[in-house]
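Residues per chain are reported as follows:
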Amino acid sequence: MDVQVTERCSINSAPKTNSPQNAAENAPKKKKSRRGKRGKRRRGKKANEPPPFLPPEAEEGNIEYKLKLVNPTQYRFEHLATQLKWRLQEGRGEAVYQIGVEDNGLLVGLTEEDMKTSLKTLRRMAERVGADITLLREREVECDRARRKIAEVLVRKVPDDQQFLDLRVAVLGNVDSGKSTLLGVLTQGELDNGRGRARLNLFRHLHEIQTGRTSSISFEILGFNSKGEVVNYSDSRTAEEICESSSKMITFIDLAGHYKYLKTTIFGLTSYCPDFAMLVVGANTGIAGTTREHLGLAMALKVPIFIVVSKVDLCAKSTVEKTVRQLERVLKQPGCNKVPMVVANPDDAVTAAQQFAQSSSITPIFTLSSVSGENLDLLKVFFNILPPLSNSKEQEELMQQLTEFQVDEIYSVPDVGTVVGGTLYSGVCREGDRLVVGPTDDGKFLRLKVCSIHRNRSGCRVLRAGQAATLALGNFDRSLLRKGMVMVSPKMNPTICWQFEAAIVLLFHAKTFRRGFQVTVHVGNVRQTATVECLLGKEELRTGERAVVSFRFLKHPEYLRVGAKLLFREGVTKGIGHVTHLLPSTQNQVPDQNRNQNHS
């Protein structure tokens, strides 16, 4: 069947390698013939031509195939508009329409006139449901010896009541690889001068400006409107204006590259729940310093990662290619098992964004310059099209649960009072809600009231599961709060523990890992030193071995969830795993006292 399809509908510009004339010419020289065929094959790959068919259309998800949308009746039009609304809901405000494609994925194509009429109908449908359309790409197919077109169209809802799609991207990479400069260029809309001018607005401390090195976690935003145009500080003066005019928001979490700030970087990855990670590699240095470590951390935490090779303006083309080959080798190694995909044109960027979200093994690689602006637009196209990992159904399920907010940052703001920043893990949080926060050092939960909510530096009335925000708590005593606490609904009976069990893999340890060993444990927003109480069924562990280990916190009890990802480290010792069981404390009765207090 595939052969018949290929014969009937072939790509217009496909290389003709099997013609009889070519075979006759190349017959005497076998070596030359082989080389010629290889060359043609390579050229065929570079052309980025679409396959003669796509995967069959899925009932769920935000991708819709339409053969044509020519002059529908009013009843049919209403049905199509309802269908578009469903696809937008599935994609949390975004949908992709493939025009000229049958439901089984066959690329049939349309004539010029039918394509124009179909796009006009799609625009009317989008207006009906409060959305805009952007033509991503048009491609030619040859069907029944006639040239026809297929189009890929992005439909995106116009922003209403701050319900924009928000994706969080953690920015990783070695020190001096150009992370903060790249973010400065993307969010400020101005190219760098080659001496770090673009990054100055991102730094939070004087020593960061003096050294040019990030030591803390900072957040930057890049918006896209319903037409797919970039919205940043070059057009809008404030973050509030960016939020108001954006349908999609990319929140960059700028993390530290230097090894001495590694605990801050790990906290950013575990606590802020990034959707994706962007690993920045300097073209002039290649894989150096903490690059491998950061790549390993993202993979251990199962965060999808893509790579940006920066500073290509400083190097010769051969040096850039050498760095890309080095990255491809590392990504293909047995530990990574990734499929690198070098993005060279806008068509590649569209394909990369769609495949990256569908398959965790695809790793797009961009080569760009923050000074000359080379290939910067490809990265913007990628961010514009990049779909969310979770669909609307999963988010709805999380919103039905009780409120749980992770406390990651604590501030004191003049005339506002105590403010906490973090991520809403589940439920819905509104202004005026009464919650409890804890656990304190003695295992208690304290009552408080949410006075106001700010999301991406602008006011917000409702916070939904998966969104990051800052909550003003009025005159609540800041000294009672710490990073790693949770704010939960009073209806929830929060389980806190001093001791827990986890199934772990020891990634690296110089000697043997045994009872009494102390490590720094990272579980979500929790970061605390813990002692290894016992290894179940084993006396000791060596590098690469697995076991169920019982840990005990040293300083204070913590709120944990069974199944949460765990990462621990101490010097060169590293390990990953997940929490399997929370153990009730027998030596210390703090958790029991806390439970009694919650019931009273």
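Owing to the predicted nature of the structure, the values given are computational and were not obtained by experimental measurement.

Caption draft 1: Seen up close, the sheet that holds strand β12 (residues 339–342). Here we have eight strands laid out as an open sheet, ordered β8-β7-β9-β6-β10-β11-β13-β12, and mixed in their pairing. For this open sheet the edge positions go to β8 (230–231) and β12, each flanked by a neighbour on one side alone. Packing of helix α11 (residues 317–332) onto the sheet brings it into contact with β10 (276–282), β11 (305–310), β12 and β13 (362–367), and relative to β13 it is tilted by some 165°. Here helix α12 (residues 346–358) sits on the sheet and contacts β10, β11, β12 and β13; the angle it forms with β12, its principal contact strand, is near 155°.

Caption draft 2: View of the pattern of salt bridges. Applying the stated rule across the entire model yields 18 salt bridges. E57 is paired through a salt bridge with R87; the nearest N and O atoms lie 4.0 Å apart. Linking E57 in the loop between α3 (30–46) and β2 (63–66) with R87 in helix α4 (residues 74–90), this pair joins segments that are 30 residues apart in sequence. Relative accessible area serves as the criterion here: at 23%, E57 is assigned to the partly exposed category. Between E94 and K248 there is a salt bridge whose closest N-O contact spans 3.4 Å. Taken together, the positions of E94 in strand β3 (residues 94–99) and K248 in strand β9 (residues 248–254) put the pair 154 residues apart, joining distant regions of the chain. Here the salt bridges share partners, and the residues they tie into one network are E57, E64, K66 and R87.

Caption draft 3: Region of the structure containing the packing of aromatic side chains. Here the structure, examined in full by the defined rule, presents 16 aromatic pairs. Ring centres 5.8 Å apart and planes at 75° place the aromatic pair F306 and F383 in the edge-to-face group. One end of the pair, F306, is in strand β11; the other, F383, is in helix α13 (residues 376–385), with 77 residues separating them in the sequence. Given a relative accessible area of 0%, F306 falls into the buried group. Residues F366 and F382 carry aromatic rings whose centres are separated by 5.0 Å and whose planes lie at 65° to one another, so their mutual orientation is edge-to-face. Linking F366 in strand β13 with F382 in helix α13, this pair joins segments that are 16 residues apart in sequence. For the pair F366 and F382, a shared accessibility class is recorded, and that class is buried. By way of ring pairs, the aromatic residues F252, F276, F306, F356, F366, F382 and F383 are connected into one cluster. When the ring centre of F77 is taken as origin, the NZ or CZ atom of R124, which lies over that ring, is 4.3 Å away. When the ring centre of Y425 is taken as origin, the NZ or CZ atom of R561, which lies over that ring, is 3.6 Å away.

Caption draft 4: Summary view of the side chain of Q406. Mapped onto the elements of the fold, Q406 is located in strand β14 (residues 404–413). Among the residues examined, Q406 registers a relative accessible area of 4% and is labelled buried.

Caption draft 5: How the structure looks around the packing of helix α9 (residues 262–271) against helix α10 (residues 291–300). It is at 11 Å that the axes of α9 and α10 come closest, and there the two elements cross at 25°. Classified by the angle between their axes, α9 and α10 sit roughly parallel to one another. Handedness of the α9/α10 crossing: right-handed. Contact residues: α9 offers L262, T265, I266 and L269, while α10 offers E293, H294, L297 and A298. Here the contact of α9 with α10 is built from residues that sort into five nonpolar, two polar and one charged.

Caption draft 6: How the structure looks around the confidence of the model for the protein chain. The predicted model of the protein chain averages 84 in pLDDT, with 85% of residues at 70 or higher. Predicted confidence for residues 1–48 stays below pLDDT 50, and this span has 38 contacts to residues more than four positions away or in other chains. Long-range and interchain partners of residues 586–600, a stretch whose pLDDT sits below 50, account for 22 contacts in this model, where long-range means more than four residues apart.

Caption draft 7: How the structure looks around α4. Its 17 residues give α4 an end-to-end C-alpha distance of 25 Å, which sits within 8% of 24 Å, the value for a rise of 1.5 Å per residue. Along α4, the residues that are buried comprise F77, L80, A81, L84, R87, L88 and E90.

Caption draft 8: Looking closely at the pairing of strand β32 (residues 565–570). The sheet contact formed by strand β27 (residues 518–523) and β32 spans three bridges and is antiparallel. From the neighbouring strand, H522 faces β32, where its bridge partner is L567. In this structure, β32 lies alongside strand β33 (residues 573–583), joined through six bridges in antiparallel fashion. Considered in β33, the bridge of L567 is made with I576. From the end of β32 to the start of β33, which pair antiparallel, there are two residues, and G571 there has a positive phi angle of about 65°.

Caption draft 9: Region of the structure containing α10. Of all the positions in α10, only T291, H294, L295, L297, A298 and A300 are classed as buried. The positive-phi residue at the C-terminal boundary of α10 is K302, with phi of around 60°.

Caption draft 10: Layout of the nonpolar core. Core analysis: the biggest nonpolar cluster contains 37 residues, and F252, M278, F306, L379 and F383 have the highest contact counts within it. If we skip the residues at most four places from it in the chain, F306 touches V169, F276, A277, M278, L279, F356, T363, P364, F366, L379, F382 and F383. Core analysis: the next-biggest nonpolar cluster, separate from the first, contains 33 residues, A277, L295, I307 and V312 among them.

Caption draft 11: Fine view of the packing of helix α6 (residues 179–188) against α13. For the pair α6 and α13, interaxial distance at closest approach is 12 Å and the crossing angle is 75°. Classified by the angle between their axes, α6 and α13 sit roughly perpendicular to one another. Residues L182, V185 and L186 of α6 form the contact with α13, whose participating residues are L376, L379, K380 and F383. For the contact of α6 with α13, the class distribution of residues is six nonpolar, no polar and one charged.

Caption draft 12: The pairing of β14, seen in detail. In terms of residue burial, β14 counts as a mostly covered element, since seven of its ten residues are buried. Relative to strand β15 (residues 417–426), β14 runs antiparallel, the two sharing nine bridges. Residue pairing in the sheet places E404 in a bridge with S426 of β15. What sits between β14 and β15 in their antiparallel hairpin is a turn of three residues, with D415 showing a positive phi close to 65°. Taken together, the three bridges between β14 and strand β23 (residues 486–488) define a ladder with antiparallel strand orientation. Pairing of E404 across the sheet is with V488, part of β23.

Parameters and conventions
Residues numbered from 1 in each chain as written. Predicted model: local features only at pLDDT ≥ 70, side-chain atom pairs only at ≥ 80, totals over all residues. Heavy atoms only, no water. Pairing = 2+ DSSP bridges. Helix = DSSP H or I, 4+ residues; strand = E, 2+ residues; numbered from the N terminus. Contact = heavy atoms within 4.5 Å. Axes fitted to C-alpha atoms, helices over the stretch in contact; angles between N-to-C directions. Salt bridge = Lys/Arg side-chain N within 4 Å of Asp/Glu carboxyl O. Buried < 20%, exposed > 50% of the residue type's maximum accessible area, 1.4 Å probe, protein only. Phe/Tyr/Trp six-rings, centres within 6.5 Å; stacked < 30°, edge-to-face > 60°. Lys NZ or Arg CZ within 6 Å of the ring centre and 35° of its normal. Parallel < 35°, antiparallel > 145°, perpendicular 65-115°, else oblique. Left-handed = near helix turned anticlockwise from the far one by under 90°. Nonpolar A, V, L, I, M, F, W, Y, C, P; charged D, E, K, R; others polar. pLDDT = per-residue confidence, 0-100. Expected span 1.5 Å × (residues − 1). Core = buried A, V, L, I, M, F, W, Y, C linked by side-chain atoms within 4.5 Å.

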